[in-house]
Amino acid sequence: MQELLLTVARGLVDDKDAVRVTVDQPNEEGVVVYHLYVAEDDMGRVIGKQGRIAKAIRVVMRAAAVRENEKVVVEIG
């Protein structure tokens with residue numbers, strides 16, 4: 001899952017070396033939180049107009065999580 005998020009994010013940004021993902025342990029409800037960090041200049045590319053790209057990233061991650069019986073949340077910061 002982490003590799004999927006890295007691949008998607010690196011495809012969107014200019015500074016591919018600045019992309020990193022941290023993963024929290026599942027909380028009491030079994031939700032795993034993925035934190036995506038990109039360079040400040042690339043933040044707009046990852047969020048998109050009205051947050052459309054960010055929403056799409058979250059949809060892809062949730063769809064992949066369903067296949068593995070997981071619950072995920074993606075935070076972009």
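Overview of the structure. (Residues numbered from 1 in each chain as written. Predicted model: local features only at pLDDT ≥ 70, side-chain atom pairs only at ≥ 80, totals over all residues. Heavy atoms only, no water.)

## A look at the environment of valine 59
Thought 1: Tracing the chain through its elements places valine 59 in helix 3 (residues 52–67).
Thought 2: Spatially, the C-alpha atoms of valine 59 and glycine 11 are 17 Å apart, while their sequence positions differ by 48 residues. (Helix = DSSP H or I, 4+ residues; strand = E, 2+ residues; numbered from the N terminus.)

## A closer look at the sheet that holds strand 1 (residues 20–23)
Thought 1: The three strands lie next to each other as 1-2-3, forming an open sheet whose pairing is mixed. The sheet terminates laterally at strand 1 and strand 3 (71–76), the two strands that pair on one side only. The sheet shows a mean angle of 25° between the axes of neighbouring strands, direction not considered.
Thought 2: Sheet topology places strand 1 next to strand 2 (residues 31–37); four bridges connect them, and they run antiparallel. Of the residues in strand 2, the one forming a bridge with threonine 22 is histidine 35.
Thought 3: Against the sheet, helix 1 (residues 2–12) touches strand 1, strand 2 and strand 3, its axis set at about 155° to strand 1.
Thought 4: Strands strand 2 and strand 3 of the sheet are contacted by helix 3, whose axis makes an angle of about 155° with strand 3. (Pairing = 2+ DSSP bridges. Axes fitted to C-alpha atoms, helices over the stretch in contact; angles between N-to-C directions. Contact = heavy atoms within 4.5 Å.)

## Section: the side chain of aspartate 42
Thought 1: Inspection of the secondary structure assignment puts aspartate 42 in the loop between strand 2 and helix 2 (43–47).
Thought 2: If we ignore the near neighbours within four places in the chain, the residues touching aspartate 42 are Val13, Asp14 and Asp15.

## Side note on the nonpolar core
Thought 1: Met1, Leu5, Val19, Tyr34, Leu36, Val38 and Met61 are the most contacted members of the largest nonpolar core, which totals 19 residues.
Thought 2: Elements with a contribution of two residues or more to this core: helix 1, strand 2, helix 2, helix 3 and strand 3.
Thought 3: Ranked by residues supplied to this core, first place goes to helix 3 with four residues.
Thought 4: Excluding its chain neighbours within four sequence positions, the residues that come into contact with leucine 5 are Val21, Tyr34, Leu36, Ile57, Met61 and Val74. (Core = buried A, V, L, I, M, F, W, Y, C linked by side-chain atoms within 4.5 Å. Buried < 20%, exposed > 50% of the residue type's maximum accessible area, 1.4 Å probe, protein only.)

## Examining the pattern of salt bridges
Thought 1: Taken as a whole and judged by the stated rule, the model has two salt bridges.
Thought 2: Put simply, arginine 45 and aspartate 14 hold a salt bridge, and the shortest N to O gap is 3.1 Å. Here the residue arginine 45 occupies a position in helix 2, and aspartate 14 occupies one in the loop between helix 1 and strand 1, the gap between them amounting to 31 residues.
Thought 3: Exposure remark for arginine 45: the relative accessible area of 40% places this residue in the partly exposed category.
Thought 4: Residue classification places aspartate 14 among the exposed positions, given a relative accessible area of 55%. (Salt bridge = Lys/Arg side-chain N within 4 Å of Asp/Glu carboxyl O.)

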